[in-house]
Amino acid sequence: MVREQVWLELCQSAFDIVLEGFSRVKKVSTEGRASMAMDVSSMHTALDAIHPCRPPRGKLHVDNFVRASYLSEEEVLEWVRNNWQGYAYRHLLGLLTQVYMSSNNNMNVNVLKKKRYNTAVAVLDSFYDQNQRDEMVGIKEEQVPQKQGPDLTGLNKLVKRFA
C-alpha cells in the first residue's frame, strides 16, 4: 500500500513538473506543441511500463493544457473560463502568453496582440483574488532568471532508462 502511494506521488510529481515546464514557454511553434504532446505520451508510456501510473492530474491533464495551446485567442479564453479551477494561475498565464504571443512578428500586429493579451489576462485575473494570484505565481517574475526552468535531469534519466 505504501509503495502504491509513493508511486502515485512520483507519477503526479513528474506530470506536475512537465506542466510547469510547458507553462513557462513564452513562444512556441506548432511543431513545438506537437513535440510537447509526444513528450507527455512518451513519459506516460515509460512510467506505465514500470508500473501503472494514474495520478489525478496526469497525462490527460497535461494533454488538455497542450491541446488548449493550439486554440485561437477567442477559443483559449473560453477554455480558460471553463477550466481555470483545475490549473494554477501561473499555468494559465503561461498558456495565454503562448497563444497570444507566439505568432506574427509584425510590429503593428504586436501592439494589437499586446492589447488583446492584456484584456485576456484581466479576464484571468478576475477569477482569482490578488492573494491567490501572488500565492499561485510564487515568486515575482523579475526574481526568476529568464532561462530558468524546472530541473528535469532526474526525470529525463528515469524516462531514458525505462524507454
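Note that the coordinates shown come from a computational prediction; the quantities given were computed from them, not determined experimentally.

Some remarks on the overall build of the chain
What the chain contains, in helices and strands, is 8 helices and 0 strands. Looking at the chain as a whole, 35% of its 163 residues are labelled buried.

Some details on the environment of A37
Tracing the backbone shows A37 in helix α2 (residues 30-50). Using a relative accessible area of 26% as the deciding quantity, one classes A37 as partly exposed. Separated by 22 residues in sequence, A37 and K59 place their C-alpha atoms 9.5 Å apart.

A look at the packing of helix α1 (residues 2-23) against helix α3 (residues 59-68)
Across the interface, α1 lies against α3 with an axial gap of 9 Å and an inter-helix angle of 10 degrees. If you check the angle between α1 and α3, you find them roughly parallel. Contact with α1, carried on its side by F15, V18, L19, F22 and S23, involves K59, H61, V62, F65 and V66 of α3 and no other residues of that element. Residue classes in the contact of α1 with α3 are distributed as 7 nonpolar, 2 polar and 1 charged.

Thoughts on the pattern of salt bridges
The final tally for this structure, using the stated rule, is 8 salt bridges. For R90, the salt bridge goes to E20, with nearest N and O atoms at 2.8 Å. In this pair, R90 is assigned in helix α5 (residues 89-101) and E20 in helix α1, connecting sequence segments 70 residues apart. For E20, a relative accessible area of 11% translates into the label buried.

Comments concerning the packing of aromatic side chains
The final tally for this structure, using the stated rule, is 6 aromatic pairs. Taken together, a centroid distance of 5.1 Å and an interplanar angle of 10 degrees make the contact between W84 and F127 stacked. Here W84, found in the loop between α4 (73-83) and α5, pairs with F127, found in helix α6 (residues 107-127); they are 43 residues apart in sequence, far enough to count as distant. The rings of W84, Y89, F127 and Y128 are connected pair by pair, giving a single aromatic cluster. R33 extends its terminal NZ or CZ atom over the ring of Y70, reaching a point 6.0 Å from the ring centre.

Some thoughts on α3
For α3, the full list of buried residues reads H61, V62, D63, F65, V66 and A68. Residues of α3 that are buried in the fold lie against α1, α2, α4 and α5.

So, how was this worked out
Residues numbered from 1 in each chain as written. Predicted model: local features only at pLDDT ≥ 70, side-chain atom pairs only at ≥ 80, totals over all residues. Heavy atoms only, no water. Helix = DSSP H or I, 4+ residues; strand = E, 2+ residues; numbered from the N terminus. Buried < 20%, exposed > 50% of the residue type's maximum accessible area, 1.4 Å probe, protein only. Axes fitted to C-alpha atoms, helices over the stretch in contact; angles between N-to-C directions. Parallel < 35°, antiparallel > 145°, perpendicular 65-115°, else oblique. Contact = heavy atoms within 4.5 Å. Nonpolar A, V, L, I, M, F, W, Y, C, P; charged D, E, K, R; others polar. Salt bridge = Lys/Arg side-chain N within 4 Å of Asp/Glu carboxyl O. Phe/Tyr/Trp six-rings, centres within 6.5 Å; stacked < 30°, edge-to-face > 60°. Lys NZ or Arg CZ within 6 Å of the ring centre and 35° of its normal.

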